[in-house]
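Reading the structure
Residues per chain are reported as follows:
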Amino acid sequence: MGLIFDIKRYAINDGPGIRTTVFMKGCPLSCVWCHNPEGVSSRKQKLYTKKKCIGCRTCVENCPQKALALTPEGIVTDNALCHLCGKCAEGCPALAMEISGTEYSVDYLMKEIEKETVFMDRSEGGVTFCGGEPLLHPDMLLELLHRCGDLGIHRAVDTTLFAGEEIVREVMQHSELFLVDLKHMDTVKHKLYCGVSNELILSNLRMVAEAGHAFHIRIPLIEGMNADEENITRSAAFLSSLPWQHRTVNLLLYHDIGKNKHEKLGTVYNPAHYPMATPSEETVERCKAIFSMYNINVIIGG
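On a predicted model such as this, the values are computed, not experimentally measured, just so you know.

The next point concerns the domain arrangement of the protein chain. As far as domains go, the protein chain holds domain 1 (1-39 + 100-298) and domain 2 (44-98). Its C-alpha centre places domain 1 at a distance of 32 Å from the equivalent point of domain 2. On the side of domain 2, seven residues touch domain 1, which itself brings nine residues to the contact. Both faces combined, the contact of domain 1 with domain 2 buries some 730 Å², and carbon together with sulfur accounts for 51% of it. Interface area lost by domain 1 to domain 2 is led by Ser100, Lys264 and Leu265, which between them contribute 67%. The partner of Lys264 in a salt bridge is Glu98, with the nearest N and O atoms 4.0 Å apart. Summed over the shared surface of domain 1 and domain 2, the number is three residue pairs in polar contact (both at pLDDT 80 or more). Among the elements that make up the side of domain 1 that touches domain 2, the one with the highest residue count is helix α10 (residues 257-265) (three residues).

Structure below.
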């Protein structure tokens, strides 16, 4: 059994073709700009959208632990009593309550994946395992990869590459593609903004490239964090040094969708108030020019 927080069908930005993307819960990184904060914790979490709440008290009445109360500020949860059983979310007519994280077996997930194979086949798509960080769950991930491989389904793994080399090598042997975010080249800033240093990530990325495994690089481009000329130049130089045929990076322009999710979780987005903004057109063009100097193509988005 594994904790899954979403299954996205007909995905078109998680690898080639039309794909089914499985989101595994839990991530060793804690990026301040994360747009899936509900995927960071390895445990179930409750999300509450106050503006959706109609004050019907169904969730209060459904809670077997009597952990909920309706107040002028909306529904309040006593976390000491809450068992995250999900009864509140099951009965909420306005979908104001959600539980992030459902335990699924490999058999169940394979049935869900197999439902979409006709679309995968027609579009040369497949399945993508995402997170969180799928490499945090190697046993389940490898079993899913094996079974997808037996069915001839194209397998992509969307990963930070923050994992032991032996795990990366084994997953590499049973997948066709890695999707890798390159967040920052400075290890001190990487640890400050993402919670971990980047040495292991860069080492694994070089290993993947030298092994000849296919990978796509995506850079979350954030003004004030990593869009400066020094970091982009270091990124381009590092990528250019790899034995890498694809030689294309996707620049993912910053958005603050994670802010609303933090509100639902009852947590704080960017508590240190780091300056983060969508890069200007001038910044984007400068970044494209730097990558071009290193013979690396740039795609905006994707």
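We now examine the packing of aromatic side chains. On inspection of all chains with the given rule, the structure shows five aromatic pairs. Centroid distance Phe215 to Trp244: 5.3 Å. Interplanar angle 10°. Geometry classified as stacked. Taken as a pair, Phe215 in strand β11 (residues 215-221) and Trp244 in the loop between α9 (229-240) and β12 (248-253) lie far apart in primary sequence, 29 residues in all. Exposure remark for Phe215: the relative accessible area of 3% places this residue in the buried category. The exposure class assigned to Trp244 is buried, which follows from its relative accessible area of 6%.

Let's shift gears to unusual backbone geometry. The omega angle of the peptide bond from Gly131 to Gly132 is 10°, so this bond is cis rather than trans. Note on placement: Gly132 falls in the loop between β8 (126-130) and α5 (138-150). The phi dihedral of Tyr10 is positive, around 60°, even though this residue is not glycine. Mapped onto the elements of the fold, Tyr10 is located in strand β1 (residues 2-11). On the basis of relative accessibility, which here comes to 48%, the residue Tyr10 falls in the partly exposed class. With a phi angle near 70°, Arg57 is a residue other than glycine that sits in the positive phi range. Counting through the fold element by element, Arg57 comes out in the loop between β3 (45-48) and α1 (58-62).

So, how was this worked out
- Residues numbered from 1 in each chain as written.
- Predicted model: local features only at pLDDT ≥ 70, side-chain atom pairs only at ≥ 80, totals over all residues.
- Heavy atoms only, no water.
- Domains from an automatic or database assignment.
- Contact = heavy atoms within 4.5 Å.
- Buried area = accessible area lost by both parts, 1.4 Å probe.
- Salt bridge = Lys/Arg side-chain N within 4 Å of Asp/Glu carboxyl O.
- Polar contact = N/O pair within 3.5 Å; in protein donor to acceptor, adjacent residues only side chain to side chain.
- Helix = DSSP H or I, 4+ residues; strand = E, 2+ residues; numbered from the N terminus.
- Phe/Tyr/Trp six-rings, centres within 6.5 Å; stacked < 30°, edge-to-face > 60°.
- Buried < 20%, exposed > 50% of the residue type's maximum accessible area, 1.4 Å probe, protein only.

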